[in-house]
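Architecture and fold: a report
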Amino acid sequence: MLLKLAYYGDPILRKKAEPVKEISETIRTLAQDMVDTMIAHNGIGLAGPQVHQSLRIFVMSIPIQQPDESWKHNDPLVFINPEILSFSEDLCVHSEGCLSIPKIYGDVLRPCRITIRCLNVDGEMVTRDLSELQARCALHENDHLNGVLFIDRMRGKERKDLDPLLKNVKNKFYKN
Ligand code: ZN
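Let me begin by describing the structure that accompanies this report. Predicted model only: the values in this text are computed from it and were never measured.

**Quick look at the coordination of the zinc ion**
Summarising the metal site, the zinc ion is bound by the protein donors Cys98 (SG), His140 (NE2) and His144 (NE2), whose distances to it range over 2.1 to 2.3 Å. Between consecutive donors of the zinc ion, the numbers of intervening residues give the motif C-x41-H-x3-H. Here histidine 140 lies in helix H2 (residues 132-145) and cysteine 98 lies in strand E6 (residues 91-98), a separation of 42 residues in the sequence. With respect to class, cysteine 98 is no different from histidine 140; both count as buried.

Okay, here's the thing in structure tokens:
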């Protein structure tokens, strides 16, 4: 089932999400619906608050280019109650976007590699070492669980220039 997205301006995107208490059938269904919603919107990650669920859960699937140059989504990963155990000291800069802030992109500096621990949909504790786009995406989604958006991590003129665009997003998507 596809879920309704929360857009920039919606207070749920600014709330600190609550831990998932039990990996129930409801949570497994939510995770699957989040994966379906992410893929339907051509996203690579999606966090609970973005689908109006203030819970510490996010999903991620990075597409990989095939030999015939088409793109195929990796098996989606589900992160429940994630905890970042370590960050690399070196930082990478890359452009980011967000399904909750349509058509707005900006460069964000983040650690290049992380180690993250979480529960999976079977309730097992898993530790994942992530790098490059996977690390970036997991950090972006983990930020959502703390009410932080990628635009908060931008600075200076590039961020300031987004103000009128952000106002448009709020008017066009959130208030509808
Ligand atoms: Zn986002």
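Structure's up, so let's keep going.
**Structural notes on helix H1 (residues 25-40)**
The first and last C-alpha atoms of H1 sit 22 Å apart over 16 residues, in line with the 22 Å expected at 1.5 Å per residue. For H1, every residue scored as buried is listed here: Ile27, Leu30, Ala31, Asp33, Met34, Val35, Thr37 and Met38. Where H1 terminates, the next one or two residues include asparagine 42, which has phi positive at roughly 60 degrees.

**What about the pairing of strand E2 (residues 57-60)?**
Within a regular beta strand, the side chains point alternately toward one face of the sheet and then the other, so they alternate between its two faces. Residues Ile57 and Val59 of E2 are buried on one face, and the alternating residues Phe58 and Met60, pointing to the opposite face, are buried as well. As paired elements, strand E1 (residues 45-47) and E2 share three bridges and run antiparallel to each other. Of the residues in E2, the one forming a bridge with leucine 46 is valine 59. For E2 and strand E5 (residues 77-87), the ladder comprises four bridges, and the chain directions are antiparallel. Residue phenylalanine 58 lies in a different strand from E5, and its bridge partner there is phenylalanine 79.

So, how was this worked out
Residues numbered from 1 in each chain as written. Predicted model: local features only at pLDDT ≥ 70, side-chain atom pairs only at ≥ 80, totals over all residues. Heavy atoms only, no water. Donors = N, O, S within 2.8 Å, 3.2 Å for Na, K, Ca; no water. Helix = DSSP H or I, 4+ residues; strand = E, 2+ residues; numbered from the N terminus. Buried < 20%, exposed > 50% of the residue type's maximum accessible area, 1.4 Å probe, protein only. Expected span 1.5 Å × (residues − 1). Pairing = 2+ DSSP bridges.

Remember, this is a structural readout, not a statement about activity or role.
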